[in-house]
Amino acid sequence: MEKSSPINELINTTMQNIRAAADADAIIGTPIQADGVTLIPVSKLSFGVAGGGSEFSTKKQTASDPNQFGGGTGASAKLEPVAFLVIRGGDVKMLPVNPFPPTTIDRVIDTVPEVVDKVTDFIDQQQLKKEQKAQKAASDYAE
């Protein structure tokens, strides 16, 4: 059996409150129905917990005396929407929620694949035109 201490009580209280907030309804939301379509929100929950404490004594009091504990805990939680499940008839689709990147660097990183694809397509088209011209020149010369 675990020894009871003030820090254990602090952490247990914090964890009980987090468990109450982090139920399944926070992740998979309540379905919304309208015009034969059902939307189910899907979210991501992130949280962090920290705690600490110390038992101390003075010359007049020992560590076993009451009120010789100092400590605290803290917790933070963030709930972010990720997607919606869209149910229409027998079809189920996932509609992602894509927030805008928060910084310029993130925007550049997000757009690099598109830019690379466009440049690659342009180079491929130029190469194809060059080959077509060469084939046409060869067929004109053969005639």
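Refer to the structure above for everything that follows.
We now turn to the structure provided with this report. For clarity, every value in this text was computed on a predicted model and none was experimentally measured. (Residues numbered from 1 in each chain as written. Predicted model: local features only at pLDDT ≥ 70, side-chain atom pairs only at ≥ 80, totals over all residues. Heavy atoms only, no water.)

Thoughts on the sheet that holds strand 2 (residues 37–55)
Strands pair in a sheet through their backbones, by hydrogen bonds, and they do so in one of two ways: parallel or antiparallel. Keep this limit in mind: Two strands pair under a simple rule: DSSP has to find at least two bridges between them. Helix and strand assignments come from DSSP, with helices taken as H or I runs of at least 4 residues and strands as E runs of at least 2, each series counted from the N terminus. Axes, fitted as lines to C-alpha atoms, cover a helix only where it is in contact. Angles between the N-to-C directions of the axes lie from 0 to 180 degrees.
Spatially, 4 strands are ordered 1-2-3-4 in an open sheet, and the strand pairing comes out antiparallel. Both edges of this open sheet fall to strand 1 (32–34) and strand 4 (91–96), since each of them pairs with a single strand only. Going across the sheet, the axis of each strand differs from the next one's by a mean of 25°, ignoring polarity.

Description of the pattern of salt bridges
Put simply, the rule reads: Between Lys or Arg on one side and Asp or Glu on the other, a salt bridge is scored when a side-chain nitrogen of the former is within 4 Å of a carboxyl oxygen of the latter. Partly exposed describes any residue whose relative accessible area lies between the buried limit of under 20% and the exposed limit of over 50%, with all areas from a 1.4 Å probe on protein chains only and scaled to the type maximum.
This model, assessed by the stated rule, comprises 2 salt bridges. For glutamate 80, the salt bridge is made with lysine 44, and the minimal N-O distance between the two is 3.7 Å. Note that glutamate 80 is positioned in strand 3 (residues 69–88) and lysine 44 in strand 2, a separation of 36 residues in sequence. Residue classification places lysine 44 among the partly exposed positions, given a relative accessible area of 43%. For lysine 78, the salt bridge goes to glutamate 80, with nearest N and O atoms at 3.6 Å. Among the residues examined, lysine 78 registers a relative accessible area of 46% and is labelled partly exposed. The structure contains a network of salt bridges with shared partners spanning Lys44, Lys78 and Glu80.

So, helix 1 (residues 6–21)
Convention followed: Expected helix span is given by 1.5 Å per residue-to-residue step, counting one fewer step than there are residues. In this description, the arc belongs to the directions extending from the helix axis to the C-beta atoms. The contact definition used throughout considers only heavy atoms, calling two residues in contact when any of these lie within 4.5 Å.
Between its first and last C-alpha atoms helix 1 spans 23 Å; for 16 residues at 1.5 Å apiece the expected length is 22 Å, and the two agree. Listing the buried residues of helix 1 in full gives Ile7, Thr14 and Ile18. One side of helix 1 carries all its buried residues, which in axial view fall inside an arc of 40°. For helix 1, the exposed residues lying more than 90 degrees away from the buried face are Gln16, Arg19 and Ala20. Structurally, helix 1 contributes buried residues whose contacts are with strand 2 and strand 3.

Everything listed here is a matter of coordinates, which is why it stays silent on function.
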